[in-house]
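Chains, contacts and geometry: an overview
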Amino acid sequence: MSNSDLTSILFILLLLVGLAQLFGYFSVKLRQPRVVGEILAGVVIGPALLGRLPFAAALTEAIQQQANILNFAYWLGLLLLMFLSGAEARQLFGREERREVGWLTIVGTGTPFVLGLLLGPWLIQPALAGSNGNRTSLIIILAVGVAVTSVPVVSKIFADLKILHTRFARLILGVAVLEDIVLWLALAIATAIAGKTVLNPRQMSYHLITTIGFFALGLTIMPKIVKRINKSRFNVFAQQSPVAYAIAVLLAYCVAAGTLDVSVVFAAFLAGFAVVHKKRRLFVDALDAIGRVSFAFFIPVYFAIVGLKLDLIRGVSWRMLAAFIVGSCVVKILSVSLAGRFAGFRGLDLVNLAITANARGGPGIVLASVAFDAGIISPKFYTTLVVAAILTSQMAGAWLDYVLRKGWPLLTPTNSSGSAIILTDGASVI
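Analysis parameters
Residue numbering note: each chain is counted from 1, following its sequence as written. Since the coordinates come from a predicted model, pLDDT governs what is reported: local features require at least 70, and pairs of side-chain atoms require 80 or more to be given and counted, while whole-chain, interface and lining totals use all residues. Neither water nor hydrogens contribute to the side-chain values; these are computed over all heavy atoms in the structure. Helix numbers and strand numbers start at the N terminus; a helix is a DSSP run of H or I with at least 4 residues, a strand a run of E with at least 2. Exposure is judged per residue with a 1.4 Å probe applied to protein chains only, and the accessible area is read against the type maximum: over 50% gives exposed, under 20% gives buried, and values in between give partly exposed. By definition, residues are in contact when any of their heavy atoms lie within 4.5 Å. For every accessible area listed, the method is Shrake-Rupley and the probe measures 1.4 Å; residues are considered covered only by the protein chains on display. N or O atoms within 3.5 Å of each other form a polar contact, as long as, within protein, one can give a hydrogen and the other can take it, and as long as residues adjacent in sequence are counted only when both atoms are side-chain atoms. All axes are obtained by fitting lines to C-alpha atoms, using only the stretch in contact for helices, and the reported angles, taken between N-to-C directions, cover 0 to 180 degrees. Just so you know how the angles are binned, under 35 degrees is roughly parallel, over 145 roughly antiparallel, 65 to 115 roughly perpendicular, and the rest oblique. Residues are sorted three ways: Asp, Glu, Lys and Arg are charged, Ala, Val, Leu, Ile, Met, Phe, Trp, Tyr, Cys and Pro are nonpolar, and all the rest, Gly among them, are polar. Classification of ring pairs rests on two measures: the distance between centres of Phe, Tyr or Trp rings, Trp counted by its six-membered ring, which must be within 6.5 Å, and the angle between planes, read as stacked under 30 degrees, edge-to-face over 60 and tilted in between. The working definition used for a salt bridge is a side-chain nitrogen of Lys or Arg within 4 Å of a carboxyl oxygen of Asp or Glu.

**Overview of the overall build of the chain**
What the chain contains, in helices and strands, is 19 helices and 2 strands. A buried classification covers 53% of the 430 residues belonging to the chain. Partitioning the intrachain contacts of the chain with sequence separation of at least 6 by distance along the chain shows that 78% fall at a separation of at least 24. Within the structure as shown, the chain displays about 19,400 Å² of accessible surface, and the carbon and sulfur contribution to it stands at 66%.

In structure tokens, the structure reads:
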């Protein structure tokens, strides 16, 4: 790499991270999720705005020339996001509210996913397919896109509103964690069969068994093995440099997945799931250090590059966008409302649960990114999934902020739950 090439890529990264942080800051000030501003930074630099102006032709050409390095930064940010999401998911597993979480997961998530699978054959159009997309993979992506709920973005919204340790937050995050694990598996299967117009039964069986086996081991046996290695007094690596060790676990999982032809994105999630131990809280400081650097640079750059890939001029179908957003929101909100009634919630409780669970956020964007990079979906469907993730996250954040400012409870107080009432900005929150 010449000095001019190095200067070029450093300038592009400076532009991406600088605008992502700036727009993210203004998004938070406007009571919007930070991810909205980070993606908007990429949109501004991309073909929708600056890319259409003559004086920015040099920048556009430099971005195209440095595509490989930008793709590496993109994937590194995505892997770190999934790694930290897996670590957060492990910490959120608990024994409380099992009945409510069970209803919300099975009915609130299962209904949209099953409807997506059943109606997919009639809803799938050629305009949705990418170069490697087949009907089976497209139907799975459609079903996941309707059912998914964001763990990272919802967690950030709860933290910003100071309701992260409430019963309402535990319910939503518990449901999101369980459903995301199942939906990541579905997405892994979709990517495994992508590009195979005629599915070879033997090859298909290998991909399915390998993917499901990798997930099963990653959720059951591997965390126990990693825990034993973590605690070993002979593990000098972990003792001397916990941050480097945690990253090494991430890389090892990804290498193993790549060798088995399993998506490294899901391996990163399972690596984060394995490295955390709730009782002894090992590597808390290391994960905090990794998170600070990741959310300061790599993850904002990832979301900015997601925006960079969006072409809101030629790469968008407003009819497709409107149909997907309206249809998916109606199905998800009604499903969660029905699940909430089965779980014993009524009135405003159902509205709060349904609108919050409808936030697709980070997982919705990751779904779009993985499916688009695998060639499963078209640019227009990619734009649709990303914009839907942004708008549903905005909806959830704005609604919760409104409820708290009005002083309304997020959940009706119950004596049996044993949950404390926390006062936040004058609001009564369970």
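**Observations concerning the environment of Asn-132**
Take Asn-132: it is sitting in the loop between α6 (110–123) and α7 (135–147). Residues Asn-132 and Ser-378, spaced 246 residues apart in sequence, show a C-alpha to C-alpha distance of 9.6 Å. Only 3.1 Å separates the side chain of Asn-132 from the backbone oxygen of Ala-374, close enough to count as a polar contact.

**A look at the side chain of Ser-8**
Mapped onto the elements, Ser-8 comes out in helix α1 (residues 3–29). On the basis of relative accessible area, Ser-8 is assigned to the buried category, the value being 17%.

**Describing the packing of α7 against helix α16 (residues 318–342)**
Running from N to C, α7 and α16 point in directions that differ by 60°, and their axes come no closer than 9 Å. Viewed along their axes, α7 and α16 adopt a mutual orientation that is oblique. Mapping the contact onto sequence places Leu-142, Gly-145, Val-146 and Ala-147 in α7 and Phe-324, Ser-328, Val-331 and Lys-332 in α16. For the contact of α7 with α16, the class distribution of residues is 5 nonpolar, 2 polar and 1 charged.

**Things to note about the packing of aromatic side chains**
Considering all chains together, one arrives at 12 aromatic pairs under this definition. For the pair Tyr-74 and Tyr-302, a centre-to-centre distance of 5.1 Å together with 45° between the ring planes defines the contact as tilted. Taken as a pair, Tyr-74 in helix α4 (residues 67–92) and Tyr-302 in helix α15 (residues 284–309) lie far apart in primary sequence, 228 residues in all. Each member of the pair, Tyr-74 as well as Tyr-302, is classed as buried. On the numbers, 5.0 Å between centres and 90° between planes, the contact of Phe-297 with Phe-298 is edge-to-face. The exposure class assigned to Phe-297 is partly exposed, which follows from its relative accessible area of 28%. By relative accessible area, which is 23% here, Phe-298 ends up partly exposed. Each member of the aromatic cluster is reached from another via a ring pair, and the members are Tyr-74, Trp-75, Tyr-302 and Phe-303.

**A look at the pattern of salt bridges**
Inspection of every chain in the model, using the stated rule, returns 4 salt bridges. Ionic pairing is found between Asp-401 and Arg-405, a salt bridge with its closest N-O pair at 2.8 Å. In this pair, Asp-401 and Arg-405 are both assigned in helix α19 (residues 379–406), 4 residues apart and thus about one turn of the helix distant. The exposure class of Asp-401 is buried, given its relative accessible area of 7%. Residue classification places Arg-405 among the exposed residues on the basis of a relative accessible area of 55%.

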